[in-house]
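# Breakdown of the fold
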Amino acid sequence: MPSVFLKTYGCQMNERDSEAVAAQLVAKGYSLAPSEAVADVVLLNTCSVRDNAEQKAVDKMTNLAGQFRKQRPGVLLGFLGCMAQSRGRELIDQLPDVDLVVGTQKFHRVADYVDDLLAGRRDKIVDTEEERGSEAAIKEHLLTGAAKSKSVTAFVSIMQGCNQYCTFCIVPYTRGQERSRTIPDIVAECRELVARGVKEITLLGQIVTSYGRREIPEREGKSAFVQLIETVHAIEGLQRIRFTSPHPKGYGDDLVAAYGRLPRLVESAHLPVQSGSDRVLKLMHRGYTRARFLDIIAKLRAVKPAMGITTDIIVGFPGETDADFAETLSLVREVEFDNAFVFKYSPRRDTPAAVMPDQLPEEVIEARHAELLAAVNVIAERKNKACEGSVAEILVEGPSRKNAARLEGRTRSNKIVVFEGSERHIGQVMDVKIVHAAPFTLYGDPAIVNLG
Ligand code: SAH
Ligand code: F3S
């Protein structure tokens, strides 16, 4: 059978979609190629959230087309995901060597389309249609981690789309309207994963705090999302639950309280703030103020003082003044995030912000990006250093990505800990002493705590 190389750009949702596509191809008998050079089919699962992400995928495809079409004319080339959704057939007009363009509601069709193309039944395929029920079509898992070890952690997609329409964001257009899977459907998938040895599940969606809000009524003051967490939490054998990404406006008291009540819901939150200025937050259509955001952080820390908190921030949103930027810097210093992803504003097609007045010059955006990143890093390193000498509970995931001779696990607060261990530790929850903190990685010693 032919082999497929699948390259993924962008977020965890994309990673998850790629895994499901790969699993569907494997189920049909295809093998997964270790590199594009030996593959019969090369698929790029794309990201549209910033222009440079799109550019990377287009450049990659341009190179592939140039290289392969001369040497190996039979290789099949395809674009999947967000950029495929937003650009559709235009991609084939631009790059005529591309055979397949599949949007975000049709991932489950990829394996059939590859069959059709390879068998010569069809020539080019573009499918960016909407499909009812597609939110429940991403279910298959490969469950092989790094170095072919069995996966200890898994992502489960609970919903698709987003209705928030932040003025800078292309996601509502590429991923569509919010559509949630049912609780029984999600729980069945989680149960199966746990039965196959998975210890930690991350519930995934673009705005998970909006999960099921139209379909599933509140019960005893608990939102649909909290009800889902509770039901997954009850699965026997599951050790940890995470989720990403929530929206600050969806962080109700029921969700805050869940961290106190549910021991397997780990103390970690990725809470995208985007800006520290109320004026900019309003222009972004974020639906909360700086004060409300700070209030959520305070409540979370009141329930779980060790909460790991990370965020996303955009610098250079249209009209952002020096004073607005200063508010973002001060928010970062006030909250002391464990880490923050700092992005340069990138105008996206069809979004209101792209046509707002006062688009900022590149130099201003660059300078603010560098200044904020430096501030974020100083705090992140300081917080990491403060872990030295402490004991942390980690879930051991497998060989370290940086050095395969060592193992790595993650703390409940989502920090990576590298340590010397053996195969038998993989999948275990264990205590390690943090003996050294590098800027972005902690180094642990299990022997000091566990005495072997
Ligand atoms: N809620 C989603 C957001 C996806 S986009 C999630 O985190 O799952 C991820 C991040 O990219 C956003 O939080 C935002 O900080 C950044 N981003 C989105 N659109 C952007 C744009 N036009 N320019 C720069 N950064 C952007
Ligand atoms: Fe994008 Fe805002 Fe939704 S950042 S994914 S429109 S919450």
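A few points on the structure. (Residues numbered from 1 in each chain as written. Chains lettered and ligands numbered in written order. Predicted model: local features only at pLDDT ≥ 70, side-chain atom pairs only at ≥ 80, totals over all residues. Heavy atoms only, no water.)

## Brief notes about the sheet that holds strand β11 (residues 240–244)
Pairing is parallel across the open sheet formed by 3 strands, whose spatial order is β7-β10-β11. Two strands lie at the open edges of the sheet, namely β7 (153–157) and β11, each paired on one side alone. The mean inter-strand angle of the sheet, taken between neighbouring strand axes irrespective of direction, is 25°. As paired elements, strand β10 (residues 200–204) and β11 share 5 bridges and run parallel to each other. Among the inter-strand pairings, L203 is bridged to a residue of β11, identified as F243. Most of the contacts of helix α7 (residues 183–195) go to β7, to which it runs at about 165°, and overall it touches β7 and β10. (Pairing = 2+ DSSP bridges. Helix = DSSP H or I, 4+ residues; strand = E, 2+ residues; numbered from the N terminus. Axes fitted to C-alpha atoms, helices over the stretch in contact; angles between N-to-C directions. Contact = heavy atoms within 4.5 Å.)

## Considering the site of ligand 1
Close to ligand 1 lie 14 residues, the nearest being Q206, S245, Q274, D312 and S346. For ligand 1, an oxygen atom lies 2.9 Å from a polar atom in the side chain of R50. Here a nitrogen atom of ligand 1 and a backbone polar atom of S346 are 2.8 Å apart. About the coverage of ligand 1: the protein hides 89% of its 550 Å² of free accessible area. At the level of secondary structure, the elements contributing two or more residues to the shell around ligand 1 comprise β13 (308–315) and β14 (339–344). (Near = heavy atom within 4 Å. Polar contact = N/O pair within 3.5 Å; in protein donor to acceptor, adjacent residues only side chain to side chain. Areas by Shrake-Rupley, 256 points an atom, 1.4 Å probe, with all protein chains shown as cover.)

## Observations regarding the packing of α7 against helix α8 (residues 224–233)
The contact between α7 and α8 brings their axes to 10 Å, and the two run at 30°. Relative to α8, α7 is oriented roughly parallel. Crossing angle aside, the handedness with which α7 passes α8 is right-handed. Seen from α7, the contacting residues are I183, I186, V187 and C190; seen from α8, they are A224, Q227, L228, T231 and V232. When the residues that make up the contact of α7 with α8 are grouped by side-chain class, the tally is 7 nonpolar, 2 polar and no charged. (Parallel < 35°, antiparallel > 145°, perpendicular 65-115°, else oblique. Left-handed = near helix turned anticlockwise from the far one by under 90°. Nonpolar A, V, L, I, M, F, W, Y, C, P; charged D, E, K, R; others polar.)

## Considering the packing of aromatic side chains
All told, the structure shown has 7 aromatic pairs when counted by the stated rule. Arranged with centres 6.1 Å apart and planes meeting at 35°, the rings of Y288 and F293 form a pair that is tilted. F293 sits in the buried class, given a relative accessible area of 0%. Ring centres of F317 and Y345 lie 5.7 Å apart, and the angle between their planes is 70°; on these two criteria the pair is classed as edge-to-face. Within this pair, whereas F317 is found in the loop between β13 and α12 (322–335), its partner Y345 is found in the loop between β14 and α13 (362–385), the two being separated by 28 residues in sequence. With relative accessibility at 0%, the residue F317 sits in the buried group. Chaining the aromatic ring pairs together yields one cluster made of F168, F317 and Y345. (Phe/Tyr/Trp six-rings, centres within 6.5 Å; stacked < 30°, edge-to-face > 60°. Buried < 20%, exposed > 50% of the residue type's maximum accessible area, 1.4 Å probe, protein only.)

## Here we look at the nonpolar core
With 73 residues, the main nonpolar core has L203, F225, F243 and Y251 as its most contacted residues. Not counting residues up to four positions away in its chain, the partners in contact with L203 are V156, I158, V208, F225, L228, I229, I241, R242, F243 and T244. Counting residues in hydrophobic clusters, the runner-up holds 24 residues, among them M61, A65, L77 and F79. (Core = buried A, V, L, I, M, F, W, Y, C linked by side-chain atoms within 4.5 Å.)

## Observations concerning the sheet that holds strand β19 (residues 442–445)
With respect to topology, 5 strands assemble into a closed barrel ordered β15-β16-β17-β19-β18, the strand pairing being mixed. Within this sheet the neighbouring strands show an average axis-to-axis angle of 55°, counted without direction. Examined bridge by bridge, strand β15 (residues 391–399) and strand β18 (residues 429–437) share 5 bridges and lie antiparallel to one another. What sits directly across from A392, in β18, is V432.

## Some thoughts on the side chain of H141
Among the structural elements, H141 can be located in the loop between β6 (125–127) and β7. Relative accessible area serves as the criterion here: at 9%, H141 is assigned to the buried category. At a separation of 3.1 Å, a polar atom in the side chain of H141 contacts the side chain of R16. Excluding its chain neighbours within four sequence positions, the residues that come into contact with H141 are R16, E19, A23, A154, F155, V156, E189, L193 and R196.

## Let's talk about the side chain of E135
Following the sequence through the fold, E135 ends up in the loop between β6 and β7. The exposure class assigned to E135 is buried, which follows from its relative accessible area of 13%. For E135, the residues in contact, after removing those within four places along its chain, are Q160, R179, S180 and R181.

## Thoughts on the pattern of salt bridges
One pass over the full model with this rule turns up 45 salt bridges. The partner of E320 in a salt bridge is R368, and the shortest N-O contact between them spans 2.9 Å. In this pair, E320 is assigned in the loop between β13 and α12 and R368 in helix α13, connecting sequence segments 48 residues apart. Overall, R368 belongs to the buried group, its relative accessible area being 7%. Each of the salt bridges in this network shares a partner with another, and the network as a whole consists of E200, R240, R242, E267, E393, E397, R410 and R412. (Salt bridge = Lys/Arg side-chain N within 4 Å of Asp/Glu carboxyl O.)

## So, the packing of α12 against α13
Taken N-terminus to C-terminus, the directions of α12 and α13 make an angle of 10°; their axes are 10 Å apart at the nearest point. Considering the angle they form, α12 stands roughly parallel to α13. Viewed along their axes, α12 and α13 form a crossing whose handedness is right-handed. Between α12 and α13, the residues in contact are D322, F325, T328, L329, V332 and R333 and R368, E371, L372, A375, V376 and I379, respectively.

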